[in-house]
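Each chain, written out:
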Amino acid sequence: MLSYLHSFHAGNHADILKHITLLYTQSYFNKKNKPYTIFDTHSGRALYDLSGIEACKTKEALNGIERLLEDVKYNKNYPQELNSYIDFVLHFLDKGFYPGSPCYERSLLNNGSSLFLTELHKSEYQHLEQNISKIEKYSVELKEFVSKGCYIKIENRDGFSLLKTSLPPVIKRGFILCDPSYEEKSDYINASEILSYAHKKWSAATILLWYPLLSNRKEEIDGMKQSILSTVKNRDNHTEVLDATLLVDTPDSHIETSLTESIGSEKPRLYGSGMFVINPCWNTDQHLIAVLPYLAKLLGRQGKGSYSVQML
């Protein structure tokens, strides 16, 4: 199935958690003036219009990035660890676009590094191709932009299949971002299998897996995480694994059916989301501990927001 379009969900609470973790990870890699490799398996279109038809239909950004930006505008007590993230988002919103994951990856790509972007949805892939040039144009205005002589490849294909044929990469320093649509139960199994394989072939990589928190998918979610964890730990028990969640509601507040149904519902399809990270960069857990209490309180519905950060 290819019914999922991220433009319906751009700017929601799940995006915030994912992008904060991504930005911290890539910024950490940039601390050393050495090239690295990034694989983004489900890239989307990279730039989104929060005033577009899809975003306005769900209004998820209203209780996500828009609420956050409104609060930091007047509340000077927000965590300063969010400054880089806020500045990045505001820079692109000023150009009329909300940044998706490939926007961060391309904008902050270090000298001589490689970026592999894959998107299976044909129209999203076409948007992605067009938007990369816009990102390059707008990124030169960012102080953090240091990219020279980089290799960028964009493909209209399944990102899981790319990992199967491309690991380990030539430049063995780097990370993978995996953000499937989770439209089918098989997506949880596929994510578990391919990321376990990715760790086997590229054991030094940081692997970032975003996952949804859905009441009717608890078994699949827990099974996916446990399968990856046991495989990784059996291979090397010293491998660090981080599991962080941001909840904006309670699991029993409503029953969801999928990420693609109930568009326009007043209740969120997700009661939260998580980041499952193999080989997290140093202090990733502390960075999230510094920002998630604030985000849970701000974005939580009727005081039901919560968070967790665990090193497994």
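Residues numbered from 1 in each chain as written. Predicted model: local features only at pLDDT ≥ 70, side-chain atom pairs only at ≥ 80, totals over all residues. Heavy atoms only, no water.

S.K.: Help me get a handle on the overall build of the chain, residues and values and all.
M.R.: For the chain, the count of helices and strands is 10 helices and 10 strands. Accessible surface for the chain amounts to roughly 13,600 Å². Of this, 50% is attributable to carbon and sulfur atoms. (Helix = DSSP H or I, 4+ residues; strand = E, 2+ residues; numbered from the N terminus. Areas by Shrake-Rupley, 256 points an atom, 1.4 Å probe, with all protein chains shown as cover.)

S.K.: Before we move on, could you go through the environment of Thr245 and cite the residues and values that matter?
M.R.: Topologically, Thr245 is positioned in strand β8 (residues 241–247). In this structure the C-alpha to C-alpha distance between Thr245 and Leu17, which are 228 residues apart in sequence, comes to 8.1 Å. Among all residues touching Thr245, those that are not within four sequence positions of it are Tyr211, Leu213, Ser273, Gly274, Leu292, Ser306, Tyr307 and Ser308. A polar atom in the side chain of Thr245 sits 2.6 Å from the side chain of Ser308. (Contact = heavy atoms within 4.5 Å. Polar contact = N/O pair within 3.5 Å; in protein donor to acceptor, adjacent residues only side chain to side chain.)

S.K.: An account of helix α7 (residues 159–166) is needed here, citing residue identities and associated values.
M.R.: Those residues of α7 not exposed but buried are Gly159, Phe160, Leu162 and Leu163. On an axial view of α7, the arc spanned by its buried residues comes to 155°, and they lie on one face. Summarising the geometry of α7, the exposed residues directed more than 90 degrees from the buried face are Lys164 and Thr165. Here the buried face of α7 lies against β1 (37–40), β4 (114–118), β5 (151–155), β6 (174–178) and α8 (185–201). (Buried < 20%, exposed > 50% of the residue type's maximum accessible area, 1.4 Å probe, protein only. Arc of directions from axis to C-beta.)

S.K.: Describe the packing of aromatic side chains, and please don't skip the residues or the numbers.
M.R.: In this structure the tally under the stated criterion is 9 aromatic pairs. Seen from their ring centres, Phe88 and Phe92 are 5.1 Å apart, and the 35° between their planes marks the pair as tilted. Note that Phe88 and Phe92 are positioned in helix α4 (residues 83–93) at a spacing of 4 residues, about one turn of the helix. In this structure Phe88 comes out as buried when scored by relative accessible area, which is 3%. Relative accessible area serves as the criterion here: at 0%, Phe92 is assigned to the buried category. (Phe/Tyr/Trp six-rings, centres within 6.5 Å; stacked < 30°, edge-to-face > 60°.)

S.K.: Give a description of the pairing of strand β9 (residues 272–278) that names residues and reports values.
M.R.: The buried count for β9 comes to 7 of 7 residues, which makes it a mostly enclosed element. Here strand β7 (residues 206–213) pairs with β9 via 7 bridges, running antiparallel. If you follow Tyr211 over to β9, its bridge partner there is Gly274. Across 7 bridges, β8 lies against β9 in antiparallel orientation. (Pairing = 2+ DSSP bridges.)

S.K.: Could you give an account of the packing of α7 against α8, with specific residues and numbers?
M.R.: Where α7 meets α8, the closest approach of the two axes is 10 Å, and the angle between their N-to-C directions is 20°. Here α8 runs roughly parallel to α7, going by the angle between their axes. Crossing of α7 against α8: the hand is left-handed. Contact with α7, carried on its side by Phe160, Leu163 and Lys164, involves Asn190, Ala191, Ile194, Leu195 and Tyr197 of α8 and no other residues of that element. Broken down by class, the residue content of the contact of α7 with α8 amounts to 6 nonpolar, 1 polar and 1 charged. (Axes fitted to C-alpha atoms, helices over the stretch in contact; angles between N-to-C directions. Parallel < 35°, antiparallel > 145°, perpendicular 65-115°, else oblique. Left-handed = near helix turned anticlockwise from the far one by under 90°. Nonpolar A, V, L, I, M, F, W, Y, C, P; charged D, E, K, R; others polar.)

S.K.: Describe the nonpolar core, listing the residues and the values that go with them.
M.R.: Grouped together as the largest cluster of nonpolar side chains are 90 residues, with contacts concentrated most on Ile65, Leu68, Leu82, Tyr85, Leu209 and Leu295. Ignoring sequence-local partners within four residues, the contact set of Leu209 consists of Cys178, Pro180, Tyr182, Ala191, Leu195, Met224, Ile228, Gly274, Met275 and Phe276. (Core = buried A, V, L, I, M, F, W, Y, C linked by side-chain atoms within 4.5 Å.)

S.K.: Outline the confidence of the model for the chain, listing residues and values.
M.R.: Overall, the prediction assigns the chain a mean pLDDT of 88, with 87% of residues at 70 or greater. Overall, residues 255–268 carries pLDDT values under 50, and its contacts beyond four positions in sequence, including any with other chains, amount to 40 contacts. (pLDDT = per-residue confidence, 0-100.)

S.K.: Tell me about α4, and please be specific about residues and values.
M.R.: Buried within α4 are the following residues: Tyr85, Ile86, Phe88, Val89, His91 and Phe92. Against the buried residues of α4 lie α1 (13–29), β2 (47–48), α3 (65–74), β3 (98–99), α5 (101–107) and α6 (122–139).

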